[in-house]
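Close look at the chain arrangement
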Amino acid sequence: MTMTAPGGASRAELSAAACLFQGFSDPHRLQILQHLALGEHRVVDLTAHLGLAQSTVSKHLACLRECGLVTARPEGRAMVYALSHADALEDLWAAAERLLELTGHRVALCTNEAMRPGPDDATATPGAGTVAGAGA
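Cut-offs and rules
Sequence order sets the numbering: in each chain, residues are counted from 1 along the sequence as written. At least 70 in pLDDT is required for a residue's local features to be given in this predicted model, at least 80 for side-chain atom pairs to be given and counted, and no such filter applies to totals for whole chains, interfaces and linings, which use all residues. The side-chain figures draw on all heavy atoms in the structure; neither hydrogens nor water molecules are used. The way it works is that DSSP assigns letters per residue, a run of H or I at least four long becomes a helix, a run of E at least two long becomes a strand, and they are numbered from the N terminus. Should any heavy atoms of two residues lie within 4.5 Å, those residues are considered in contact. Across the chain, each position has a pLDDT score giving the predictor's confidence in that residue, from 0 to 100. To estimate how far a helix should extend, the number of its residues minus one is multiplied by 1.5 Å. Under the scheme applied here, a residue whose accessible area is under 20% of the maximum for its type counts as buried, over 50% as exposed, and between as partly exposed, the area being computed with a 1.4 Å probe on protein chains only. By construction, the arc corresponds to the directions joining the helix axis to the C-beta atoms. Two distance rules govern patches: like charges are joined within 9 Å, and nonpolar side chains (Val, Leu, Ile, Met, Phe, Trp, Tyr) within 5 Å, applied only to residues with over 30% relative accessible area and no salt bridge. Note on areas: Shrake-Rupley, 1.4 Å probe, and residue coverage restricted to the protein chains presented here. The term salt bridge refers to a pairing of a side-chain nitrogen on Lys or Arg with a carboxyl oxygen on Asp or Glu at a separation within 4 Å. Axes here refer to lines fitted to C-alpha atoms; in helices the fit is confined to the stretch in contact. Angles between the N-to-C directions go from 0 to 180 degrees. Angles below 35 degrees are treated as roughly parallel, those above 145 as roughly antiparallel, those between 65 and 115 as roughly perpendicular, and all remaining angles as oblique. When residues are grouped by polarity, Ala, Val, Leu, Ile, Met, Phe, Trp, Tyr, Cys and Pro land in nonpolar, Asp, Glu, Lys and Arg in charged, and all others, Gly among them, in polar. Only strands that DSSP links by at least two bridges are regarded as paired with each other.

Some remarks on the environment of Val70
Of note, Val70 is situated in strand β2 (residues 70-75). Distance from Val70 to Ala86, taken between C-alpha atoms, is 9.2 Å for residues 16 residues apart in sequence. Not counting the four nearest positions on each side in its chain, Val70 is found in contact with Leu33, Leu36, Leu61, Leu64, Arg65, Tyr81, Ala82, Leu83 and Ser84.

Topic: the confidence of the model for the protein chain
In this model, the protein chain carries a mean pLDDT of 83, and residues with pLDDT of at least 70 account for 82%. Of the regions scoring below 50 in pLDDT, residues 121-136 engages in 26 contacts with residues more than four places distant in sequence or in other chains.

Thoughts on helix α4 (residues 54-66)
The end-to-end C-alpha distance of α4, which contains 13 residues, comes to 18 Å, matching closely the 18 Å that a straight helix rising 1.5 Å per residue would cover. Taken as a whole, α4 has its buried residues at Thr56, Val57, His60, Leu61 and Leu64. Buried residues in α4, looked at end-on, bunch into an arc of 125°, giving them a common side. In this structure, α4 carries Ser55 and Glu66 as exposed residues pointing more than 90 degrees from its buried face. Buried residues along α4 sit in contact with α2 (27-36), α3 (43-50), β2 and β3 (78-83).

With respect to a nonpolar patch on the surface
Side chains of Met3, Leu14 and Phe21 sit close together on the surface and give an oily, nonpolar patch of about 290 Å² of accessible area. Of note, Met3 is situated in the segment before α1 (11-22). Residue classification places Met3 among the partly exposed positions, given a relative accessible area of 41%.

Thoughts on the packing of α2 against α3
Each pair of packed helices can be summarised by the angle the axes make with each other and by the distance between the axes. Packing of α2 against α3 brings their axes to within 11 Å, and their N-to-C directions diverge by 110°. Overall, the two elements α2 and α3 adopt an arrangement that is roughly perpendicular. Residue-level contacts link Gln31, Ile32, His35 and Leu36 of α2 to Leu46, His49 and Leu50 of α3. A per-class count over the contact of α2 with α3 returns 4 nonpolar, 3 polar and no charged.

Some thoughts on the pairing of β2
Looking at chain direction, β2 and β3 are connected through 6 bridges and run antiparallel. Its bridge partner lying in β3, Ala72 is registered against Tyr81. Hairpin connection of β2 to β3: 2 residues between the antiparallel strands, including Gly76 at a positive phi of 65°.

Put into structure tokens, the structure is as follows:
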């Protein structure tokens, strides 16, 4: 894919990139990715550490697995989840933080409904803190 060359990516490549970025579009998924940057976790661990419902964690892990961002392996009766590409995600977090710094977190002020967190994310504070996993 030629994302770094202006006009270099095909529509199909851009569509794949849009799907990838959709995986990052939910604050709960970012929380999960951030926590997985600390190491492998089971769903029960993630629910305890993040204060999210089991169904929420499971739903978002399924999305992240489908996007290829996390892997799962059986351990006894549980599944253990890990980041698929931790180094690449760390690079992405750093790039996202740089963009947020350059834009002054203006994305948090965006009035376009397509850019806002969903109803489940009413407690999320867009633009607060740092991007998941950076510097961890």
